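Structural characterization, general
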Number of protein chains: 4
Amino acid sequence: MASVYGKNFTVSIFGQSHSAAIGVVVDGLPAGFPVDLDRLQRFMDRRAPGQGPRTTSRKEADRVEVLSGLVGNVTCGAPLAMVIRNTNTRSQDYDNIRDVPRPGHADFTAHVKFRGHEDVSGGGHFSGRLTAPLCAAGGIFLQLLAKKGITVKAEILEIGGNREDPLGEIDRARMDLDSVGGLVGCTISGVPAGIGDPMFDGLENRIAQAVFGIPAVKGIDFGSGFDAARRRGSENNDPFYYDEEGRVRTRTNNAGGILGGISDGMDITFRAAFKPTPSIARPQDSISFSKGENAVLEVHGRHDPCIVLRAVPVVEAAAAMAVADAMGPALLSSGGPASAE
Amino acid sequence: MASVYGKNFTVSIFGQSHSAAIGVVVDGLPAGFPVDLDRLQRFMDRRAPGQGPRTTSRKEADRVEVLSGLVGNVTCGAPLAMVIRNTNTRSQDYDNIRDVPRPGHADFTAHVKFRGHEDVSGGGHFSGRLTAPLCAAGGIFLQLLAKKGITVKAEILEIGGNREDPLGEIDRARMDLDSVGGLVGCTISGVPAGIGDPMFDGLENRIAQAVFGIPAVKGIDFGSGFDAARRRGSENNDPFYYDEEGRVRTRTNNAGGILGGISDGMDITFRAAFKPTPSIARPQDSISFSKGENAVLEVHGRHDPCIVLRAVPVVEAAAAMAVADAMGPALLSSGGPASAE
Amino acid sequence: MASVYGKNFTVSIFGQSHSAAIGVVVDGLPAGFPVDLDRLQRFMDRRAPGQGPRTTSRKEADRVEVLSGLVGNVTCGAPLAMVIRNTNTRSQDYDNIRDVPRPGHADFTAHVKFRGHEDVSGGGHFSGRLTAPLCAAGGIFLQLLAKKGITVKAEILEIGGNREDPLGEIDRARMDLDSVGGLVGCTISGVPAGIGDPMFDGLENRIAQAVFGIPAVKGIDFGSGFDAARRRGSENNDPFYYDEEGRVRTRTNNAGGILGGISDGMDITFRAAFKPTPSIARPQDSISFSKGENAVLEVHGRHDPCIVLRAVPVVEAAAAMAVADAMGPALLSSGGPASAE
Amino acid sequence: MASVYGKNFTVSIFGQSHSAAIGVVVDGLPAGFPVDLDRLQRFMDRRAPGQGPRTTSRKEADRVEVLSGLVGNVTCGAPLAMVIRNTNTRSQDYDNIRDVPRPGHADFTAHVKFRGHEDVSGGGHFSGRLTAPLCAAGGIFLQLLAKKGITVKAEILEIGGNREDPLGEIDRARMDLDSVGGLVGCTISGVPAGIGDPMFDGLENRIAQAVFGIPAVKGIDFGSGFDAARRRGSENNDPFYYDEEGRVRTRTNNAGGILGGISDGMDITFRAAFKPTPSIARPQDSISFSKGENAVLEVHGRHDPCIVLRAVPVVEAAAAMAVADAMGPALLSSGGPASAE
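Residues numbered from 1 in each chain as written. Chains lettered and ligands numbered in written order. Predicted model: local features only at pLDDT ≥ 70, side-chain atom pairs only at ≥ 80, totals over all residues. Heavy atoms only, no water.

What follows covers the overall build of chain A. For chain A, the count of helices and strands is nine helices and 17 strands. Since a compact globule built from 341 residues should have a radius of gyration of about 20 Å, the 21 Å found for chain A is in line with a globular shape. Counting across all 341 residues of chain A, residues that qualify as buried make up 67%. Across chain A, the fraction of contacts at a sequence separation of at least 24, relative to all contacts at a separation of at least 6, is 71%. Looking at chain A as shown, the accessible area adds up to about 10,400 Å², and 48% of this sits on carbon and sulfur atoms. Of the side chains in chain A, 36 bear a positive and 40 a negative charge, and the two mean positions are spaced by 2 Å. (Helix = DSSP H or I, 4+ residues; strand = E, 2+ residues; numbered from the N terminus. Rg over C-alpha atoms; globule rule 2.2 N^0.38 Å. Buried < 20%, exposed > 50% of the residue type's maximum accessible area, 1.4 Å probe, protein only. Contact = heavy atoms within 4.5 Å. Areas by Shrake-Rupley, 256 points an atom, 1.4 Å probe, with all protein chains shown as cover. Lys, Arg positive; Asp, Glu negative; His and termini not counted. Charge placed at Lys NZ, Arg CZ, Asp CG, Glu CD.)

The operation relating chain D to chain C is a screw motion whose rotation component is 180°, with 0.0 Å of axial translation and a residual RMSD of 0.0 Å. The superposition of one copy onto the other is thereby described by a two-fold rotation axis. Here 99% of the interface residues in chain D have copies in chain C that are interface residues too; the copies meet face to matching face. (Least-squares fit on C-alpha atoms with pLDDT ≥ 70 in both.)

Quick look at the packing of aromatic side chains now. Under the definition given, this model contains 30 aromatic pairs over all chains. When the ring of Phe 108 of chain C is compared with that of Phe 240 of chain D, the centres are 5.3 Å apart and the planes differ by 55°; the resulting orientation is tilted. Separated into two different chains, Phe 108 of chain C in helix α2 (residues 107-113) and Phe 240 of chain D in strand β11 (residues 240-242) make up a pair that spans both. With respect to burial, Phe 108 of chain C and Phe 240 of chain D carry one shared label: buried. Over the ring of Tyr 241 of chain C we find Arg 251 of chain C; its NZ or CZ atom is 4.2 Å from the centre of that ring. (Phe/Tyr/Trp six-rings, centres within 6.5 Å; stacked < 30°, edge-to-face > 60°. Lys NZ or Arg CZ within 6 Å of the ring centre and 35° of its normal.)

The next thing to look at is the confidence of the model for chain A. Low pLDDT means the predicted coordinates in that region are not meant to be read closely. All names here are of chain A. Summing up the model confidence of chain A, the mean pLDDT is 92 and the portion of residues at 70 or higher is 94%. Considering only residues more than four positions removed or in separate chains, one finds that residues 334-341, a stretch of pLDDT under 50, has 16 contacts. Reported confidences for the modelled complex are a pTM of 0.96 and an ipTM of 0.96. (pLDDT = per-residue confidence, 0-100.)

This part is about the state of the cysteines. Overall, the coordinates contain zero disulfides over all chains when judged by the stated rule. A disulfide-free cysteine, Cys 306 of chain A has its sulfur positioned 16 Å from the sulfur of Cys 135 of chain A, the nearest such atom. By relative accessible area, which is 1% here, Cys 306 of chain A ends up buried. Here Cys 135 of chain B stays free of any disulfide, with the sulfur of Cys 186 of chain B as its closest cysteine sulfur at 12 Å. (Disulfide = S-S within 2.5 Å.)

With that settled, consider the interface of chain D and chain C. Interface size, as often reported, equals the accessible area lost upon joining of the parts. At the junction of the two partners, chain D supplies 100 residues and chain C supplies 99 residues. With both chains or domains summed, chain D and chain C bury close to 8,000 Å², and 62% of this area falls on carbon and sulfur atoms. Sorting the residues of chain D by area buried against chain C places Phe 200, Lys 218 and Phe 240 of chain D first, and these three jointly supply 11% of that buried surface. Across the chain D-chain C interface, the total number found is eight salt bridges. For Asp 197 of chain D, the salt bridge identified is with Lys 113 of chain C, shortest N-O distance 3.6 Å. Of the residues forming the side of chain D that touches chain C, the biggest block, six residues, is contributed by strand β10 (residues 217-222) of chain D. Across the side of chain D that touches chain C, the residue classes tally to 47 nonpolar, 29 polar and 24 charged. Both strand β10 (residues 217-222) of chain C and β10 of chain D contribute to a ladder of three bridges, which runs antiparallel. Residue pairing across strands places Ile 220 of chain C opposite Ile 220 of chain D, the latter belonging to β10 of chain D. (Buried area = accessible area lost by both parts, 1.4 Å probe. Salt bridge = Lys/Arg side-chain N within 4 Å of Asp/Glu carboxyl O. Nonpolar A, V, L, I, M, F, W, Y, C, P; charged D, E, K, R; others polar. Pairing = 2+ DSSP bridges.)

All names here are of chain C. Taken in spatial order, the five strands of this open sheet run β1-β2-β3-β7-β4, and their pairing is antiparallel. One side of each edge strand has no neighbouring strand; the edge strands of this open sheet are β1 (4-5) and β4 (65-68). One ladder, built from three bridges, connects β4 with strand β7 (residues 80-85); its direction is antiparallel. Paired with Val 66 across the strands is Met 82, a residue of β7.

Here we take up the sheet that holds strand β8 (residues 151-159) of chain B. Spatially, eight strands are ordered β8(A)-β9(A)-β15(A)-β10(A)-β10(B)-β15(B)-β9(B)-β8(B) in an open sheet, and the strand pairing comes out antiparallel. Each edge of the open sheet carries a strand with a single partner, namely β8 (151-159) of chain A together with β8 of chain B. When the angles between neighbouring strand axes are averaged without regard to direction, this sheet yields 20°. Here helix α8 (residues 308-327) of chain A sits on the sheet in contact with β8, β9 (182-189) and β15 (268-274) of chain A, set at roughly 145° to β8 of chain A. Lying on the sheet, helix α5 (residues 203-211) of chain B is in contact with β10 (217-222) of chain A together with β9 (182-189), β10 (217-222) and β15 (268-274) of chain B; it crosses β10 of chain B at an angle near 160°. (Axes fitted to C-alpha atoms, helices over the stretch in contact; angles between N-to-C directions.)

Right, let's talk about the packing of helix α3 (residues 131-147) of chain C against helix α8 (residues 308-327) of chain C for a bit. Residues and elements named next belong to chain C. Their axes nearest at 7 Å, the elements α3 and α8 cross at an angle of 55°. As summarised for this structure, α3 and α8 are arranged oblique, according to the angle between their axes. The two elements α3 and α8 cross, and the hand of that crossing is left-handed. Of α8, the residues touching α3 (which contributes Thr 131, Leu 134, Cys 135, Gly 138, Phe 141, Leu 142 and Leu 145) are Pro 313, Val 314, Glu 316, Ala 317, Ala 318, Ala 320, Met 321, Val 323, Ala 324 and Met 327. (Parallel < 35°, antiparallel > 145°, perpendicular 65-115°, else oblique. Left-handed = near helix turned anticlockwise from the far one by under 90°.)

Turning next to the environment of Leu 157 of chain A. Relative to the helices and strands, Leu 157 of chain A resides in strand β8. In this structure Leu 157 of chain A touches Arg 163, Leu 183, Val 184, Gly 185 and Arg 271 of chain A, once residues within four positions along its chain are discounted.

Here we take up helix α1 (residues 37-47) of chain D. Residues and elements named next belong to chain D. By the burial criterion, the buried members of α1 are Leu 40, Gln 41, Phe 43, Met 44 and Arg 47. Projected down its long axis, α1 shows its buried positions confined to an angular sector of 160°, all on one face. More than 90 degrees from the buried face of α1, the exposed residues found are Asp 38 and Arg 42. Where α1 is buried, its residues meet β7 (80-85), α3 (131-147) and α8 (308-327). Sitting at the amino-terminal end of α1 is Asp 36, which places a side-chain oxygen 3.2 Å from the backbone nitrogen of Asp 38. (Arc of directions from axis to C-beta. Polar contact = N/O pair within 3.5 Å; in protein donor to acceptor, adjacent residues only side chain to side chain.)

A few words on the relation of the copies chain B and chain A. Superposing chain B onto chain A takes a rotation of 180° combined with a translation of 0.0 Å along the rotation axis, leaving an RMSD of 0.0 Å. An overlap of 100% is found between the interface residues of chain B and their copies at the interface of chain A, pointing to a shared contact surface.

For the rest of this paragraph, the subject is the environment of Pro 49 of chain C. Residue and element names in this part refer to chain C. Note on placement: Pro 49 falls in the loop between α1 (37-47) and β4. Distance in space between the C-alpha atoms of Pro 49 and Gly 202 is 34 Å, their sequence separation being 153 residues. Apart from the residues within four sequence positions on either side, Pro 49 is in contact with Thr 55, Thr 56, Arg 58, Glu 60, Asp 62 and Arg 310.

Moving on: the interface of chain B and chain A. On the chain A side, the residues contacting the 99 residues of chain B number 100 residues. Here chain B packs against chain A, burying approximately 7,900 Å² in sum over the two surfaces, 62% of which is carbon and sulfur. Inspection of the chain B/chain A interface yields eight salt bridges. Taken together, the links from chain B to chain A amount to 45 residue pairs in polar contact (both at pLDDT 80 or more).

Next up on the list: the pairing of β10 of chain C. Residues and elements named next belong to chain C. Burial analysis of β10 places six of its six residues in the buried class, the great majority of the element. Relative to strand β15 (residues 268-274), β10 runs antiparallel, the two being bridged by five bridges. Its bridge partner being in β15, Asp 221 is matched across the sheet by Arg 271.

Another aspect to go through is the pattern of salt bridges. Taken as a whole, this structure holds 92 salt bridges over all chains when the rule is applied. Notably, a salt bridge pairs Asp 243 of chain B with Arg 247 of chain B, separated by 2.9 Å at the nearest N-O pair. Here Glu 158 of chain D makes a salt bridge to Arg 230 of chain C, at a shortest N to O gap of 3.2 Å. One end of the pair, Glu 158 of chain D, is in strand β8 (residues 151-159); the other, Arg 230 of chain C, is in the loop between α6 (225-228) and α7 (233-236), on a second chain. Residue Glu 158 of chain D is classed as buried on the basis of its relative accessible area, which comes to 3%. Its relative accessible area of 39% is what places Arg 230 of chain C among the partly exposed residues. Residues joined by salt bridges that share partners form a network here, namely Lys 113 of chain A together with Asp 197, Arg 206 and Asp 325 of chain B.

Right, dumping it as structure tokens:
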């Protein structure tokens, strides 16, 4: 297993950068949920390529086609299958990387794992393009969560270490034929206390499993996270109190809304660290499989100088998927009452 | 599900801090593997409490008793069940936290999730004590990996932000009736290239799911991790080359040995961020469930001023479990040849 | 979860009888396996409707379209996604069953489970039409197994209790505006000894889980099965012996090739009992949801008088999927050697 | 994976016939459920050996020891771990079967799978003794179901094909130094309509996966089952009607309470076919691994002449586990209301 996520739901993602289509099947959705397909498409558009000089010039409409799972626009309890056609593929751009793997990409590891049978075009199944079906699934989960009053909002915290002028960092990197990494922060509001499970199915475990499914993510932390490691307990503990409505709250939120893997009713907050796009226009040292010797690689193809720009909705999608899966039955109860008898 | 880990193996952990016993069942181990129980016990001893002024004064031998799964000391293909008796329990220490949850602990969230039926003594199932059976399982996986030439080594990187005198930080925190967090680094050497799966079952996803199972972990990153987010691609990419033995290597290891979720044959490296022990001797603000009003808590019980000291073998255990599970069939082949026909 | 099968593979089936398309995603296939798409289509054709007076008059080409997972015709390690377009849908035939559930069908139970939001057209996700993507996945597994020398062959044992003239029973039932059930036998040859796992993941458990996924199956037994319940041990035990090539064999095969859930190297044999097609042209007693009173139903639509005819390849597909999943790593080794270093 | 069952719960069974202990861990139970341990023990006693001439002379108290998961007798949300000590072991009885596998047992297949490292004593992990922890888990699920008004009742339908004098068949087989098989019927009453999922997670699939986990089961059918295969649709369909309380019922129950994998509110009924106990006192043909030649086996040890007698509660346990798992969230709601805020 690999491109399958979930315990209460099963999200199965398929496709390669240059295959006929990419897509996703979501099994386990509650019946009776009206999907807003226009809103889903607008969410997809936030991730779509070809939006300006700071993103790849590959143009894809990323139009979601629903194959099954809806009657009208309402979920019917059957698996929801969505596909996105690939249109603007230029596989010839990738002829050289079949032999010379790109540093920082999965070309080499895929080559070993799949014994030379991997799809190299556009990075195949490892392409950032596979975040499109993740967004399609996540977009559905966002709508489901919204119905329960839960919102998921990601934002760029910094690019290349720069919090003041993050987009300027991208321009400078692009001008230098280089790329640059960045941090995305994410806040999930409205999750009731008591969601998540002990040990290996806590919210942190589940969100981490989802977010590391986004290519280029190399780190994640929750609440005060890595900063907490530098603190004392008296500083990092979040004191409880009753608010005026009698709800239990904490005065600070260093826990990022999660204690023992379980939500405490405060905002769930995490940061995801994205490495710089590995594809850069500069020549790089690599190897040639066929010649069995070192080689210099020049990467062609069309790439984002900073993946973080387009990654913002993807982080929201991954987080929504994880939280929805953790809620499971609690989320399923969102449907209307049984009308059978 | 919650305290169950694994896709190729099933590791099921049970117990509470003050229950009769804690333990673990490991399903799916290959038959014919000789377990070194003395070595396992020595590994357990590294985690055991009561080792000096810097750890809790609760004394537990943490003696592993094997209930099934071995014939002699050799795995027989049946699930391996191990238990550890709890002996030195003082449940009366926890009478007050039944009503007044400890900040930074799972008392409150467990109370909501389990509707007041949670076991509060010693933190119940959320206690750091549950890392003992995790170490028992992990100790077995470490031995399995060692047979394949794979080693897992964790170490303290810093305590309270201090790399030079980490243990001094613990002493100072203890003297201040406080606690302190820290960073643990971990290096897994000898994993062949090609281990791990795309998207949601990559090595990062799997290791993160395991490591966030350790109480107090709030962050994880791989290779250059959060630093990568501040870099450019030309700086962060790891150039490939052939070494003198004709193996593919990278000149740097910013990827932490993982590209596209799959091992590249270099050391796998990650850091885990531990928050400070939430239990501190100082009075803290909290609430009283019974009175429905704010309250001040004084924590009794016996606690580590810094969990990081004893967490080092636990990180090794979690990492070993994750890597072993990712290897799955490749690891199973470690047994001898079939002798049936 | 529901329409997802497998532990070593993940087979995720989607679609409704009248949705835009039906299909399947298979995650976990080994890379480097050449798929014979013509052979796959011929296998699909054995199940396809519209083949004569004994099957439904609904005509569907059941043409498999591969969306991803192949490079050329060779698996590349990415999930294999296949879709089949629905073309010949007549949803108006099903207007009445929205209110009046068909006896013997899932109309009523789907109505309760999905709270009135189920897709009723053609039975929705519960339609026998969903066996088409099961055959698409199974057809791939059959090819994988064949490469290991494993064959799966199903056949009609009896229709309506008649072994001599099974097809005559269908004609007679059709003439009577009725339907009829039957038995399908299946033999899997070439599975080496040692495949399967104890207790809940034995070959019987896995095959049963797959075969009960075929609509209308109400029973399964292995080897002498229900007959074994009437026998003595001296009669039912299969004595071992060495054959001339030194292989361990049994003189009889009452075990159906499975002992303790694990293959013994003999043919694996099982029978699946199919109930008669619930859709019959005769008026039947039912209820009206809207009126809250009893009602008489006349079923329109196009149906098979005996599902068993077209079920034969479906049983093969389900059996192949189950055996392939049980083999898992053993099957994966069918690919060529790694070429990486 | 192997001895692990469940999607909403995780039931992990461990132990061998002659290991220190056998047991089970149940993860995912709702908190706040009071377990009646006396009632659990009485349920265990129905399965316990040594009850008279018709069962094995091995005496085991089968006393359930709870290691964790309860506070007092009430579930606390942590995994429930239960062990049963093995006491009356006579491993020397099994010396010969290490070399000469018993026909009809898993000795040979375990030998191949575990490459000679299997535990042969008493059948190891394949022993019928492993149904004791299955009963311990099932006994808990029976209590959970009972709270929802659901009962599970199994009974002997026939032994050796004899419905009139089943126990006489056992006596006659024992006198002949032989064994005999039989049929167990099971009825689950009170399951509301709408439980179960389509395709591979239907009630039939789940119950079959659980029941084939009982050693010696070789067949299962639901409702009219194998008889349905001989019938016409007009005869086998169950007409719906409204009863006097306005509930939807069916006039007959050939479906065994399941349509499309989902409960219809009628009794769920199934039959399990047990083969005769493979261990018989008569000499049998087998092979010698060490000599590589055919051999004659005389089985010593203590065995039941008919496993069916003691299997009745085991079938109830397996059925309860499967239905509870299918109910999942619906069952979890049995606990009291949240008391947190």
